[in-house]
Amino acid sequence: MVEALLLLLFVISGAAAGFLGVDLLPPRMLIQVTNLEGLQWVMGGFGAFFGLIAGFLFQRLRAQLMRQVRTMPTDLLISRAVGLILGLLVANLLLAPILLLPLPWEVGFVKPLAAVLSNVFFGVSGYNLAEVHGRTLLRLFNPSSTEALLVADGVLQPASPKIIDTSLIIDGRLRGLLDSEILEGQVIVAQCVIDELQQLADSGNSDKRSKGRRGLKLLAALRDSYGRRLIVNSTRYEGDGVDDKLLKLCNDTGGLLLTTDYNLAKVAQVQNLRALNLSELVISLRPEVQPGDLLQLKIVREGKEADQGVGYLEDGTMVVVESGRGSIGERREVTVTGALQTPAGRMVFARTADAR
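Residues numbered from 1 in each chain as written. Predicted model: local features only at pLDDT ≥ 70, side-chain atom pairs only at ≥ 80, totals over all residues. Heavy atoms only, no water.

Engineer: Got a minute to help me understand helix H12 (residues 241–253) in this structure?
Structural biologist: Since one α-helical turn is 3.6 residues long, residues separated by three or four positions face the same way. Here H12 is 13 residues long and its end C-alpha atoms lie 19 Å apart, about the 18 Å a rise of 1.5 Å per residue gives. When H12 is considered as a whole, its buried residues turn out to be Val242, Leu246, Leu247, Leu249, Cys250 and Thr253. The buried residues of H12 occupy one face: seen down the axis, they fall within an arc of 160°. Downstream of H12 by one or two residues, Gly254 has phi in the positive range, about 70°. (Helix = DSSP H or I, 4+ residues; strand = E, 2+ residues; numbered from the N terminus. Expected span 1.5 Å × (residues − 1). Buried < 20%, exposed > 50% of the residue type's maximum accessible area, 1.4 Å probe, protein only. Arc of directions from axis to C-beta.)

Engineer: Can you walk me through the packing of aromatic side chains in this structure?
Structural biologist: We describe a pair of aromatic rings using the distance from one ring centre to the other and the angle between the two ring planes. Tallied over the entire structure, the rule returns two aromatic pairs. Here the aromatic rings of Phe121 and Phe122 are separated by 5.2 Å at their centres, their planes lie at 85°, and the arrangement is edge-to-face. Look at Phe121 and you get exposed, because its relative accessible area is 52%. (Phe/Tyr/Trp six-rings, centres within 6.5 Å; stacked < 30°, edge-to-face > 60°.)

Engineer: Would you mind going over the packing of helix H10 (residues 191–201) against helix H11 (residues 206–226) with me for this structure?
Structural biologist: Each packed pair of helices is defined by two parameters, the angle between the axes and the distance between the axes. Running from N to C, H10 and H11 cross one another at 135°; their axes reach a closest spacing of 6 Å. Here H11 runs oblique to H10, going by the angle between their axes. As for how H10 packs across H11, the hand of that crossing is left-handed. Here H10 contributes Ile194, Leu197, Gln198, Leu200 and Ala201 to the contact with H11, which in turn contributes Lys208, Arg209, Gly212, Arg213, Gly215, Leu216 and Leu219. (Axes fitted to C-alpha atoms, helices over the stretch in contact; angles between N-to-C directions. Parallel < 35°, antiparallel > 145°, perpendicular 65-115°, else oblique. Left-handed = near helix turned anticlockwise from the far one by under 90°. Contact = heavy atoms within 4.5 Å.)

Engineer: Help me understand the sheet that holds strand S4 (residues 256–259) in this model?
Structural biologist: The strands that make up a sheet are held in pairs by hydrogen bonds between backbone atoms, and each pair lies either parallel or antiparallel. Reading across from one edge, S3-S2-S1-S4-S5 is the order of the five strands in this open sheet, with parallel pairing throughout. On the outer flanks of this sheet lie strand S3 (230–233) and strand S5 (275–277), each paired with one strand and no other. For this sheet, the mean angle separating the axes of adjacent strands, direction not counted, is 30°. Looking at chain direction, S4 and S5 are connected through three bridges and run parallel. Note on S5: the bridge partner recorded for Leu257 is Ala275. Each of strand S2 (187–190) and S3 is contacted by H11, which is oriented at about 125° to S3, the strand it contacts most. Strands in contact with H12 are strand S1 (162–164), S2, S3 and S4; relative to S1, the strand with the most contacts, it is inclined by about 175°. (Pairing = 2+ DSSP bridges.)

Remember that the coordinates give geometry; whether it matters functionally is a separate question.
Next up, the structure:
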């Protein structure tokens, strides 16, 4: 509705400017016109056409600006606004003497031209300077903060936002990550992720419905616990599926994508985006097991090969025990003989003390 009203306003303004602008034409041209009213309507039509084009361009610029504002860190947004205001202030202070000069009528256009050029130049300059050096404003707002000083000096990098996908929410380990205080910065939940959770919660499949409701319940609980640290990004990106929209959000914000989806993490890496697969993180944090180590292991089931037993370490790593089929249900001391790392996880091989 707002877009349509803005577009209509541009069309009406363009038509009015063209219709009334006929009076500003040189008298020599107006004398040669036989149908002044017809010229006014023609100029009004051209003005409406150009107003329509200007309206479409303004809508695109407005959408891009709103997207940047929603995803931009607050400190950077404030510093850019201050830089733009200071640039415009300097431009108008320098422009005041020029506007007071008595210029001939023939060169009277110099004053509005100088006003436009100076405001554009100094406004853009202040905006760009604030984007590069704006974080030094942290010294003014909080000079006693060591972290603020380090960020302002460039020694310490500000925390990047963390963008989470649907699989990580359904997995349920997001609360553990936040409670452990490992994650720094804002946690962003995209609108497309919430829409996908709602679709799962409304699904006719009981498994999908339980996953969607569990994810929505977890987000509501985290929002109550962490408040404004958990941000819902309402920007609606265009793309094929949730994964594509998440990648676009990561590209716009420069954030770190947290997921348990192996394929999504690899696609993000191909596109030079930062991504962390939580499953790979868990695998990399598992304790190393070396050949010759002794383990106290409970054998819980039989293996695929003859006379094999299978047990599990505390972190869930599967251990295939040679000659362990006869000890199912018992806790035995086994000796590690080797390990195999696969994309799905790690597998450890061992044998019992009485195996040859």
